[in-house]
Amino acid sequence: TTEWLENMDDAPGSYKGAFAEGYETTYDRLRTLSALSIIEVPLYNHYRGEEASLGSYVAFDADGSFIGYEGCGRGLDEIAHWKSTVDNGAADLQPLLCPLGKYGYDSRCRGWYDTGKKKWERIHIDDDPLYVTAPYVFAGGVVLGQTTTLPLVDPKTNNHIGQILVDISPSLMFNALTSNTV
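Quick caveat: nothing in here was measured; it's all calculated off a predicted structure.

## A look at the environment of Leu 97
- In this fold, Leu 97 is placed in the loop between α3 (90-93) and α4 (111-123).
- In the structure, Leu 97 is positioned 34 residues away from Asp 63 in sequence and 10.0 Å away in space, judged by C-alpha atoms.

## Some thoughts on the side chain of Arg 108
- Along the chain, the position of Arg 108 falls in the loop between α3 and α4.
- Judged by its relative accessible area of 15%, Arg 108 falls in the buried class.
- Separated by 3.2 Å, the side chain of Arg 108 and the backbone oxygen of Asp 61 make a polar contact.
- Of the polar contacts made by the side chain of Arg 108, one reaches the backbone oxygen of Asp 63; its length is 3.4 Å.
- Discounting chain neighbours no more than four positions away, the residues touching Arg 108 are Phe 60, Asp 61, Ala 62, Asp 63, Gly 64, Gln 94, Leu 97 and Tyr 113.

## A few points about the packing of aromatic side chains
- What the rule picks out here adds up to 5 aromatic pairs.
- With centroids separated by 4.6 Å and ring planes inclined at 20°, the aromatic side chains of Tyr 57 and Phe 66 adopt a geometry described as stacked. Both residues of the pair, Tyr 57 and Phe 66, belong to the buried class.
- With 6.0 Å between their ring centres and 50° between their planes, Phe 66 and Trp 112 make a pair best called tilted. Taken together, the residues Phe 66 in strand β2 (residues 66-69) and Trp 112 in helix α4 connect sequence positions 46 residues apart. Exposure class is identical for Phe 66 and Trp 112. Each is buried.
- Ring pairing ties together the aromatic residues Tyr 57, Phe 66, Trp 82, Tyr 105, Trp 112 and Tyr 113, which thus form one cluster.
- The positively charged end of Arg 29 is found above the aromatic ring belonging to Phe 60, 5.8 Å away from the centroid.

Definitions and limits used
- Residues numbered from 1 in each chain as written.
- Predicted model: local features only at pLDDT ≥ 70, side-chain atom pairs only at ≥ 80, totals over all residues.
- Heavy atoms only, no water.
- Helix = DSSP H or I, 4+ residues; strand = E, 2+ residues; numbered from the N terminus.
- Buried < 20%, exposed > 50% of the residue type's maximum accessible area, 1.4 Å probe, protein only.
- Polar contact = N/O pair within 3.5 Å; in protein donor to acceptor, adjacent residues only side chain to side chain.
- Contact = heavy atoms within 4.5 Å.
- Phe/Tyr/Trp six-rings, centres within 6.5 Å; stacked < 30°, edge-to-face > 60°.
- Lys NZ or Arg CZ within 6 Å of the ring centre and 35° of its normal.

This is the structure in structure tokens:
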């Protein structure tokens, strides 16, 4: 189910306040994500005139939450209306989490998440955990792009916590790399 929070203090686990740690509750995960803004905004704004990066996000294994940044004026509104269908293959990946017809975006039911996590499970730290998808139509159904993912791993336990991802547009990336102004 998609849930919008207007205030972090309304998130499950907010009673922990400054003592929050780990990834157990939504509040714990939001506090972890707040540290990423120092990376996300410069990454998004790197190309200024070209939208080579469409957004950067973190998806968590605990609840499938999908949180990130795609700039001002672009929302994740379509995620609230996302539905598991034959075309997006969510039910094939996770039939219990995302049966056909279920509304509500769950990152664990997306190919980029599933394949990126499985790659990490096979190789752990011994090889390159970066996963880059083939071009596909994003969940909103409008933009053709690619997703790059890396595992988010708890440094204390070496447990998989989720996937960090950046959505890119191959054509915009190519334009940015080949322009004379780069």
